[in-house]
Amino acid sequence: MYNCCFKPNMKYPMIVAFARADVNGDRIPDNVYLTGRKTVTSPFVQNITLLIQDGITGRFTRISLSENAGYNPRLFLGDFTGDGIDDILISIDSGGSGAIMYHYIYSFVDNSDQLLFDFNVYNEEYKYDVTYKDDYKVEVISRKNNAKYIIDISNKGADYLNEIYDENGKLKNPISGFVNPLSGLYPVDFDSNNVYELLAYQKIAGRYNADSLGYILNTLKWKEDTFILYNQYTAIFGSEA
């Protein structure tokens, strides 16, 4: 493991994550790093960069990230495309109140980097409409696949419901909620075939971000040259006191 050039201060980058596997397809394990700049007084990491060291030649390839600052940067190496070669999943916590996360997946076959997944592209593609309805219901529509879900919020408590509904369960005023951008992306081998799918989480919120109603769970699967929506679920929070 080559670490002579990484120094733990703000002037020089340091290693913030490391993993080892064959990512270029030559069957020789390669070293995969995330480097960044941080101070000893803060967990916040800046200038996070993907660095790949060829297992045979020792040469480094540096890949810049569009969102390169945050907390707890980490790596996962696994095959997402079915070519038998590990890809590189990068995850970074934004640190914001919405628990939004930055995720990238890179292929490095034949020492050529290809961006397979970009959280910004995902967030633009997966949009939702959240609308409060009469009788203590919230309608969630996924624009991507035109799917509709109904959430029963009758367990939210009298104080909450009385602000929104009259005594007959009718809305006092129109209310719209929202779905947060990607807040979690997890590799899961649902088929047990050594090829990973992606499980993506997005929080459903009501009148404000802390007013949590549940999650949209999207399963993404690689097909030809992109990740497609394979399954979609809603996860609803349990009853509140």
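Use the structure listed above.
Residues numbered from 1 in each chain as written. Predicted model: local features only at pLDDT ≥ 70, side-chain atom pairs only at ≥ 80, totals over all residues. Heavy atoms only, no water.

Caption draft 1: Spatial organisation of the pattern of salt bridges. Enumeration according to the criterion identifies eight salt bridges in this entry. The partner of lysine 221 in a salt bridge is aspartate 191, with the nearest N and O atoms 3.1 Å apart. Taken together, the positions of lysine 221 in strand β15 (residues 212-223) and aspartate 191 in the loop between β13 (184-188) and β14 (197-205) put the pair 30 residues apart, joining distant regions of the chain. Residue classification places aspartate 191 among the partly exposed residues on the basis of a relative accessible area of 35%. (Salt bridge = Lys/Arg side-chain N within 4 Å of Asp/Glu carboxyl O. Helix = DSSP H or I, 4+ residues; strand = E, 2+ residues; numbered from the N terminus. Buried < 20%, exposed > 50% of the residue type's maximum accessible area, 1.4 Å probe, protein only.)

Caption draft 2: Main features of the sheet that holds strand β7 (residues 101-107). Taking strand neighbours across the sheet as the criterion, the four strands line up as β5-β6-β7-β8 in an open arrangement whose pairing is antiparallel. Looking at the sheet topology across the chains shown, the edges are occupied by β5 (71-78) and β8 (114-118). Strand-to-strand, the axes of this sheet are offset by a mean angle of 20°, without reference to chain direction. (Pairing = 2+ DSSP bridges. Axes fitted to C-alpha atoms, helices over the stretch in contact; angles between N-to-C directions.)

Caption draft 3: Structural context of the packing of aromatic side chains. Scanning all chains against the criterion turns up 16 aromatic pairs. When the ring of phenylalanine 44 is compared with that of tyrosine 71, the centres are 5.2 Å apart and the planes differ by 65°; the resulting orientation is edge-to-face. Of this pair, phenylalanine 44 sits in the loop between β2 (30-37) and β3 (46-53) while tyrosine 71 is found in strand β5, placing the two residues 27 residues apart along the sequence. The class of phenylalanine 44 is partly exposed, set by a relative accessible area of 28%. Site record: aromatic cluster; members linked through ring pairs are Phe76, Phe80, Phe117, Tyr122, Tyr126, Tyr196, Trp222 and Phe227. In this structure, arginine 207 packs its charged tip against the face of tyrosine 160, placed 4.6 Å from the ring centre. In this arrangement the basic side chain of lysine 221 is found over the ring face of tyrosine 230, its NZ or CZ atom lying 4.4 Å from the centre. (Phe/Tyr/Trp six-rings, centres within 6.5 Å; stacked < 30°, edge-to-face > 60°. Lys NZ or Arg CZ within 6 Å of the ring centre and 35° of its normal.)

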